[in-house]
Amino acid sequence: MPATDRAAAPAHQSRRFLWLYAMAAAGGAVAYVPFLTVLLPERISDFAGEQRVTVLAYAAFAGAIAASLANIGFGWLSDRIGTRRPLIAGGLALSCALLVAMRMADDLPSLVILLVAWQFALNMMLGPLAAWAGDCVPDAQKGLLGGLLAFAPALGALSGALVTLPGLAHADTRLGVVAALVAAMVLPVLMFGKPRAMPQLMASEEPAQSPPNPRPRGTLARMWLARLLVQIAEAALFAFLLYWFRSIDPSVTDNDTAAVFSVVLCISVPLALASGRWSDRTDRPILPLTLGAGVGALGLLAMALADDLATGIAGYILFGLATSVFLSLHSSQTLRVLPQPATRGRDLGLFNLTNTVPSLIMPWLTLALVPLFGFGALFLVLAALSATACLLLVSVRRL
């Protein structure tokens, strides 16, 4: 890109686009969190009875494979056709239609087929949507973007609580409520986002007179592996927190656990926003990630050593806040290290494996440790994984 074009390129994306994009990203979370955590298990219970846990595990495995392949494939397709919006819009329409169609499944095979098709359609939207941020948000605002992305898990959890409120909707109409919420959150960015063009983010090659890229070749691998390690710890805690709380205090209820989750999610949003804006102002994009992984390891260590419920909850809150900030900011800062704009969608799909692979690793890790050594041993191993992620990020040169 000529120097004059670089000078003319806008330095900042509009706040309107950033907020509408964040709402669309949260719409993606609303699409899958209540369905996969509440509505799908209920539906499978209707068909599978006593085998519901095993069937749900196999269905989740099939869905994770479909999501992984579709995210990479549709990200690559959006790279090839040179635009993201048509795939986002098409994925939105198809995924909402398939979500509503789930209530028409009258046997288990039909439900699983619809689940896999829905995962493909949903990732037809999510893959290009993630890459669109890389096309439109400059490095100077990636911290702010990461902070805004912290709304996604919070609103996903809130939507699950909303659609299951007694009296709000019948079991068969809850899927329609979720689909309507998703459409209401994603459509505004497609219709009114109008991002400023950022040609400097789309240039595939640097001009000959520019200095070579100072980023070491291993930066991308370190970022990928660090997120994978933290995600394994986060997935294990999400799945088994209630069981661990009850191992300390049998009187703990699922509502108590949900309340702890809610506290973490509510506090993590302003914390991620503040951390992201600080990283933009100081041009220190990796430091909040390093601290997030390190503090998360300390939280897990506190949980491993806890012998009463209060200490255990405090350790989890420390871990939950640290990793929530880490995961939100990592999603945006990853866009800095992708090698080429021309393959941004595909590369983000490969990064998305860090979200799906942990669900395949975590059950085996838990089964290998907890029955023999207890939850304390599991938390020590998870603390070691988070500490390793911290060390990987410490070794990343300043971006």
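Refer to the structure above for everything that follows.
Overview of the structure. (Residues numbered from 1 in each chain as written. Predicted model: local features only at pLDDT ≥ 70, side-chain atom pairs only at ≥ 80, totals over all residues. Heavy atoms only, no water.)

The nonpolar side chains of a soluble globular protein tend to be buried, and buried together. Among the nonpolar cores identified, the biggest contains 108 residues, and Tyr21, Phe35, Trp132, Leu237, Leu300, Phe379 and Leu382 are the most heavily contacted of them. At 17 residues, the largest contribution of residues to this core is made by helix 2 (residues 15–48). Residues within four places of Leu300 in sequence aside, it is in contact with Ala233, Leu237, Phe319, Phe379, Leu382, Ala383 and Ser386. (Core = buried A, V, L, I, M, F, W, Y, C linked by side-chain atoms within 4.5 Å. Buried < 20%, exposed > 50% of the residue type's maximum accessible area, 1.4 Å probe, protein only. Helix = DSSP H or I, 4+ residues; strand = E, 2+ residues; numbered from the N terminus. Contact = heavy atoms within 4.5 Å.)

Moving on to unusual backbone geometry. The backbone phi angle of Lys194 is positive, close to 45 degrees, even though this residue is not glycine. Looking at the element boundaries, Lys194 is found in the loop between helix 8 (174–192) and helix 9 (199–202). Using a relative accessible area of 57% as the deciding quantity, one classes Lys194 as exposed.

Next up on the list: the packing of helix 5 (residues 108–136) against helix 14 (residues 344–351). In contact at an axis separation of 9 Å, helix 5 and helix 14 are set at 125 degrees when each is read in the N-to-C sense. What the angle tells us is that helix 5 and helix 14 run oblique. The interaxial crossing formed by helix 5 with helix 14 has right-handed handedness. Residues Ala130, Ala131, Gly134 and Asp135 of helix 5 touch helix 14, and the partners they reach there are Arg344, Gly345 and Leu348. A class-by-class count of the residues in the contact of helix 5 with helix 14 yields three nonpolar, two polar and two charged. (Axes fitted to C-alpha atoms, helices over the stretch in contact; angles between N-to-C directions. Parallel < 35°, antiparallel > 145°, perpendicular 65-115°, else oblique. Left-handed = near helix turned anticlockwise from the far one by under 90°. Nonpolar A, V, L, I, M, F, W, Y, C, P; charged D, E, K, R; others polar.)

Moving on, we come to helix 12 (residues 287–305). Its 19 residues place the ends of helix 12 27 Å apart at the C-alpha level, agreeing with the 27 Å of an ideal helix rising 1.5 Å per residue. Looking only at helix 12, the buried set comprises Pro288, Leu289, Thr290, Gly292, Ala293, Gly294, Gly296, Ala297, Gly299, Leu300, Met303 and Ala304. (Expected span 1.5 Å × (residues − 1).)

Without other data, these values stay purely geometric and don't point to any function.
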